[in-house]
Amino acid sequence: MAHWLYKSEPASWSWEQQKAAGEKGTEWTGVRNYLARNNMRAMQIGDKGFFYHSNDGLEIVGIVEVCALSHPDSTAKGDPKWDCVDIRAVMDMPKPVTLKDIKASEKLAKMSLVTSMRLSVQPVTDEEWAEVCRMGGLDNPPR
């Protein structure tokens with residue numbers, strides 16, 4: 001299983017809205033960056049990810065999982081080059097992990113969230129996953 005980070009502005013799509021989408025989940029639409037799209041094309045069912053509030057909050061607030069493989073993005077108006085995956089909420093982070101705390105951690109200095117700030121869908125290494133989960137109060141994080 002791979003790990004990911006999904007960035008969303010809470011005014012556009014919040015963690016509360018993601019949780020309200022329920023077990024069915026929702027499409028992660030609107031990504032118009034080739035690297036982020038390619039990240040989604042690499043995802044597998046069950047891959048876990050962090051849900052990150054960008055702009056307002058600047059913190060990891062929850063964990064999601066991929067529930068549908070890459071498929072055409074319904075907001076792309078028929079443009080076949082843009083895909084999305086479907087994700088569903090798994091759990092709240094017991095303690096949100098702020099960007100400030102992530103940047104202060106030597107173990108996370110190479111995390112994409114620190115080095116590729118603008119990328120909306122990012123890979124997360126197993127080591128980064130474990131460290132962020134620890135920082136968020138998850139002793140036994142979902143795999």
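Each remark here, short or long, concerns the structure printed above.
Quick caveat: nothing in here was measured; it's all calculated off a predicted structure.

*Asks:* Which parts of the structure should I look at to understand the side chain of Asp47?
*Replies:* With respect to the element layout, Asp47 can be found in the loop between helix H2 (34-42) and strand E3 (48-53). Salt bridges are absent for the buried Asp47, whose nearest opposite-charge side chain, Lys48, sits at 7.6 Å. At 3.2 Å, the side chain of Asp47 and the backbone nitrogen of Ala2 are in polar contact. A polar contact is formed between the side chain of Asp47 and the side chain of Trp4, at a distance of 3.1 Å. Among residues more than four places away in sequence, those in contact with Asp47 are Met1, Ala2, Trp4, Val64, Glu65 and Val66.

*Asks:* Help me understand unusual backbone geometry in this model?
*Replies:* If you check the backbone angles, Asn55 has positive phi at about 60° while not being a glycine. Note that Asn55 resides in the loop between E3 and strand E4 (59-72). Residue Leu58 is not a glycine yet carries a positive backbone phi of 50°. Summarising the element assignment, Leu58 is placed in the loop between E3 and E4.

*Asks:* Explain the pairing of strand E5 (residues 83-98) to me, please; I cannot follow it from the model alone.
*Replies:* Consecutive residues of a regular strand have side chains that alternate between opposite faces of the sheet. As defined by bridge partners, strand E2 (residues 26-27) adjoins E5 across two bridges and the pair is classed as antiparallel. By the bridge assignment for E5, Thr26 is matched with Ile87. Examined bridge by bridge, E4 and E5 share ten bridges and lie antiparallel to one another. Across the sheet, residue Gly62 finds its bridge partner in E5, namely Asp92.

Cut-off values and rules
Residues numbered from 1 in each chain as written. Predicted model: local features only at pLDDT ≥ 70, side-chain atom pairs only at ≥ 80, totals over all residues. Heavy atoms only, no water. Helix = DSSP H or I, 4+ residues; strand = E, 2+ residues; numbered from the N terminus. Buried < 20%, exposed > 50% of the residue type's maximum accessible area, 1.4 Å probe, protein only. Lys, Arg positive; Asp, Glu negative; His and termini not counted. Salt bridge = Lys/Arg side-chain N within 4 Å of Asp/Glu carboxyl O. Polar contact = N/O pair within 3.5 Å; in protein donor to acceptor, adjacent residues only side chain to side chain. Contact = heavy atoms within 4.5 Å. Pairing = 2+ DSSP bridges.

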